[in-house]
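# Observations on the three-dimensional arrangement
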Amino acid sequence: MDYYLFALLAAFFMGLAPIFGKTGLQNISPPVALTIRSFIISGIMMGYLAWSNDFNVLRDIKISSWGFIALEGICAALLGQLFYYQALKSGEASMVVPLIASFPLFTFILASIFLGDKITLAKVGGLLLIVSGVVLIRM
């Protein structure tokens, strides 16, 4: 499949998720919610790996890849989600989600510095539109 389709599917499900998250956070704390979420997702993925017979692949992965994927998980799935749940519990989903959606700004800056990604006028223009959208929705 084309990456645009995957990106649109990701955007749809990420847009749908806060509706469930905001509702689920009404009576529980963000750390408990994140624990439940992580437990369920881990169980589903372990089942998938068992079903697809991909457990063997885990042994062949380089230690550096394990480390970088672990760091990505700590940043996005642990810290990012925990702060997201904290914000979602106390704020309006329609305000919290667009603010969090400004993450491409940080990715752009960090990828330019650490990965050598090219800075282009089109990318800068897109980032300005993202930041403008966050500012407008905040008003």
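Relevant structure appears above.
To keep things clear, this report deals only with the structure shown in the data block. (Residues numbered from 1 in each chain as written. Predicted model: local features only at pLDDT ≥ 70, side-chain atom pairs only at ≥ 80, totals over all residues. Heavy atoms only, no water.)

### A few points about the overall build of the protein
In terms of helices and strands, the protein carries 7 helices and 0 strands. Listed N to C, the secondary structure of the protein is α-α-α-α-α-α-α in terms of helices and strands. For the protein, the spread of C-alpha atoms along the principal axes amounts to about 50 × 45 × 30 Å. Excluding contacts between residues fewer than 6 apart, the proportion of contacts in the protein whose partners are at least 24 apart in sequence is 67%. Carbon and sulfur atoms make up 75% of the accessible area of the protein, which amounts to about 10,800 Å² in all. A distance of 8 Å separates the average location of the 8 positive side-chain charges in the protein from that of its 6 negative side-chain charges. (Helix = DSSP H or I, 4+ residues; strand = E, 2+ residues; numbered from the N terminus. Contact = heavy atoms within 4.5 Å. Areas by Shrake-Rupley, 256 points an atom, 1.4 Å probe, with all protein chains shown as cover. Lys, Arg positive; Asp, Glu negative; His and termini not counted. Charge placed at Lys NZ, Arg CZ, Asp CG, Glu CD.)

### Some points on a nonpolar patch on the surface
Together, V32, I36, F39, I40, I41, I44, M45, Y48 and W51 give the surface a local cluster of nonpolar side chains, amounting to about 1,000 Å² of exposed area. The topology assignment puts I40 in helix α2 (residues 30–52). Given a relative accessible area of 46%, I40 falls into the partly exposed group. (Patch = residues over 30% accessible without salt bridge, like charges linked within 9 Å, V, L, I, M, F, W, Y side chains within 5 Å. Salt bridge = Lys/Arg side-chain N within 4 Å of Asp/Glu carboxyl O. Buried < 20%, exposed > 50% of the residue type's maximum accessible area, 1.4 Å probe, protein only.)

### Topic: the side chain of S102
Here S102 lies in the loop between α5 (93–100) and α6 (103–114). Side-chain polar atoms of S102 contact the backbone oxygen of L99, separated by 2.6 Å. Residues within four places of S102 in sequence aside, it is in contact with I130 and V134. (Polar contact = N/O pair within 3.5 Å; in protein donor to acceptor, adjacent residues only side chain to side chain.)

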